[in-house]
Amino acid sequence: MEGVLSNKKLILVFVIMIGLSIGATRVVHGQGTRVGFYSRTCPRAESIVRSTVQSHVNSDRTLAAGLLRMHFHDCFVQGCDASVLVSGPNTERTAFANLGLRGYEVIDDAKTQLEAACPGVVSCADILALAARDSVVLSGGLSWQVPTGRRDGRISQASDANNLPAPFDSVDVQKQKFAAKGLNTQDLVTLVGGHTIGTSACQFFSNRLYNFTANGADPTINPSFVSTLQGLCPQNTGAANRVALDTGSQFKFDSSYFSNLRNGRGILQSDQALWSDASTKSIVQRYLGIRGLLGLTFNVEFGKSMVKMSNIGVKTGTDGEIRKICSAFN
């Protein structure tokens, strides 16, 4: 009799453990993203996004940098939840820091195709994360696996975008903003390295060119480069002119951005500061393969840091929604 009771107790314990295990599995899947989330529910999801991005970038190469930047701006406000895509008064999209974002039509195009193939399945937040990866690849960078399963947020407020990293931020301020999102100093240098593609309007750095000090331009700019930039950004008249963030390589995703920092050719004050500050300079040097330092491969590390960033504040499980149209809440 005691043997029978013992067996029953063991069976009961086993059943409880199985139940706990299933419950734990559900919790884990409900809390995070995973690679291949749509493999059963929408098998062509990633290929549809990829072909859409390729079509648009083939027509306009500048959209690659636009989509990458849009994903970054989305993740740093309310988490990676496509809140930056919502249009309307006082939404994130209308914040000053987001007025220059480009590529909304690419996301809308992909969403239209995905809704036709798999209605109500693929989130706008995931489309944006995949589009950012595909933009890097189309610019010559290495690919990486993008965890998916994000859901779209239901809040989008311009005031929430006030704390985005800014072109005038010191390294300390940049580190604080990245740390607040769970990103370390290497992630900071790596992700800012995304400036290897794209441009900036002169208004965001022309303060470095004229009357920055009593002697004139920002002394961290290579003296031979100052006149070049002044020609591209005439004082008082060239605020809207655009300049490549990675001189000589604005459409190619490579490590030349870091070489430009070393040579005093960083465009934004916040970028050039990465070479001036010891804590970030050492990481830039590792990307440059400086002798005596353990080297880092930018293309490889960029994918790793992007995965970390793309998991900031994600909404999964029953949080948020799957928008039918990316620019409007359901």
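Please read these numbers as outputs of a predicted model, since none were measured by experiment.

Basis of the calculations
Residues numbered from 1 in each chain as written. Predicted model: local features only at pLDDT ≥ 70, side-chain atom pairs only at ≥ 80, totals over all residues. Heavy atoms only, no water. 1 Å grid on protein atoms, 1.4 Å probe; cavity = no way out; pocket = protein on both sides within 12 Å on 5 of 7 lines; lining within 4 Å. Points joined across faces, edges and corners; volume = space filled by probe spheres on them. Helix = DSSP H or I, 4+ residues; strand = E, 2+ residues; numbered from the N terminus. Nonpolar A, V, L, I, M, F, W, Y, C, P; charged D, E, K, R; others polar. Contact = heavy atoms within 4.5 Å. Salt bridge = Lys/Arg side-chain N within 4 Å of Asp/Glu carboxyl O. Buried < 20%, exposed > 50% of the residue type's maximum accessible area, 1.4 Å probe, protein only. Axes fitted to C-alpha atoms, helices over the stretch in contact; angles between N-to-C directions. Parallel < 35°, antiparallel > 145°, perpendicular 65-115°, else oblique. Expected span 1.5 Å × (residues − 1). pLDDT = per-residue confidence, 0-100. Disulfide = S-S within 2.5 Å. Core = buried A, V, L, I, M, F, W, Y, C linked by side-chain atoms within 4.5 Å. Polar contact = N/O pair within 3.5 Å; in protein donor to acceptor, adjacent residues only side chain to side chain.

Asker: Can you lay out the layout of surface pockets for me, pointing to particular residues and giving the numbers?
Answerer: Each pocket or cavity is described by its volume, and for the largest pocket that value is around 1,200 Å³. Lining the largest pocket are 49 residues, and of these R69, H73, H195, T199 and L245 lie nearest its centre. Top element by residues in the lining of the largest pocket is helix α3 (residues 63-75). It accounts for seven residues. Tallied by class, residues from the lining of the largest pocket come to 28 nonpolar, 16 polar and five charged. Space inside the second largest pocket adds up to approximately 170 Å³. Taken together, 12 residues make up the lining of the second largest pocket; nearest its centre are F37, Y38, V121, G149 and R151. Split into classes, the residues belonging to the lining of the second largest pocket amount to four nonpolar, six polar and two charged.

Asker: Explain the environment of V189 to me, and be specific about the residues and the numbers.
Answerer: Note on placement: V189 falls in helix α7 (residues 185-192). Considered as a pair, V189 and Q174 are 15 residues apart in the sequence and their alpha carbons are 9.8 Å apart. Sequence-distant contacts of V189, that is, excluding residues within four places in its chain, are made with F258, T280, I283, V284 and Y287.

Asker: Give a description of the pattern of salt bridges that names residues and reports values.
Answerer: Pairing of side chains with opposite charge becomes possible as their charged atoms draw close. Counted under the stated rule, the structure contains 11 salt bridges. For E115, the salt bridge identified is with K111, shortest N-O distance 2.9 Å. With E115 and K111 both in helix α4 (residues 104-117), this residue pair falls four residues apart, about one helical turn. Take K111: its relative accessible area is 2%, and that puts it in the buried class. Salt bridges sharing partners connect three or more residues here, namely E46, R133 and D134.

Asker: Tell me about the packing of α3 against α4, residues and numbers included.
Answerer: Contact pair α3 / α4: the axes reach a minimum separation of 9 Å and the direction vectors enclose 80°. Classed by the angle they form, the pair α3 and α4 counts as roughly perpendicular. Residues L63, L67 and M70 of α3 touch α4, and the partners they reach there are Y104, E105, V106 and I107. Classifying every residue of the contact of α3 with α4 gives six nonpolar, no polar and one charged.

Asker: Mind laying out α3, listing which residues take part and the relevant values?
Answerer: Taking 1.5 Å per residue, 13 residues should reach 18 Å; α3 reaches 18 Å between its end C-alpha atoms and fits that length. Counting buried positions along α3 yields 12 of 13 residues, so the element is predominantly enclosed. Looking at α3, one finds that the buried residues are L63, A64, A65, G66, L67, L68, M70, H71, F72, H73, D74 and C75. In the core, the buried residues of α3 are packed alongside α2 (45-59), α4, α5 (124-138), α6 (171-179), α7 and α12 (298-309).

Asker: An account of the confidence of the model for the protein chain is requested, with residue identities and associated values reported.
Answerer: Of the residues in the protein chain, 90% reach a pLDDT of 70 or more, and the chain-wide mean stands at 91. Low pLDDT, under 50, characterises residues 1-30; the stretch is placed with three contacts to residues that sit more than four places away or in other chains.

Asker: Outline the state of the cysteines, supporting the account with residue identities and numerical values.
Answerer: Here, disulfide denotes a covalent bond that connects the sulfur atoms of two cysteines. Counting across every chain of the model gives four disulfides. Paired through a disulfide, C42 and C118 show a sulfur-sulfur distance of 2.0 Å. Taking the torsion about the S-S bond as the criterion, the C42 to C118 disulfide, at about 75°, is right-handed. Here C42 is found in the loop between α1 (2-31) and α2, whereas its partner C118 is found in the loop between α4 and α5, with 76 residues between them in sequence.

Asker: Give a detailed account of α12, specifying residues and quantitative values.
Answerer: With 12 residues, α12 ought to run about 16 Å at 1.5 Å a step, and its terminal C-alpha atoms sit 16 Å apart, in line with that. Here α12 has its buried residues at F298, N299, E301, F302, G303, S305, M306 and M309. Check the buried side of α12 and you find it contacts α3, α5, α7, α9 (256-262) and α11 (278-288).

Asker: Give a detailed account of the nonpolar core, specifying residues and quantitative values.
Answerer: Within the largest apolar cluster, 71 residues are counted, with the highest numbers of intra-cluster contacts made by L85, I107, F258, F302 and M309. Among the elements that line this core, the one with the most residues is α5, at nine residues. Setting aside residues up to four positions removed in sequence, I107 forms contacts with L67, M70, L85, I127, L128, A131 and C326. The next biggest cluster of nonpolar side chains, apart from the first, holds 13 residues, and it includes L209, I221, L245 and I267.

Asker: Hey, could you go over the side chain of T196 for me, with residue numbers and the actual values?
Answerer: Along the chain, T196 falls in the loop between α7 and β1 (199-201). In terms of polar contacts, T196 uses its side chain to reach the side chain of D246, at 2.9 Å. If we skip the residues at most four places from it in the chain, T196 touches D246, S249, Q250, K252, F253, D254, S256, Y257 and F298.

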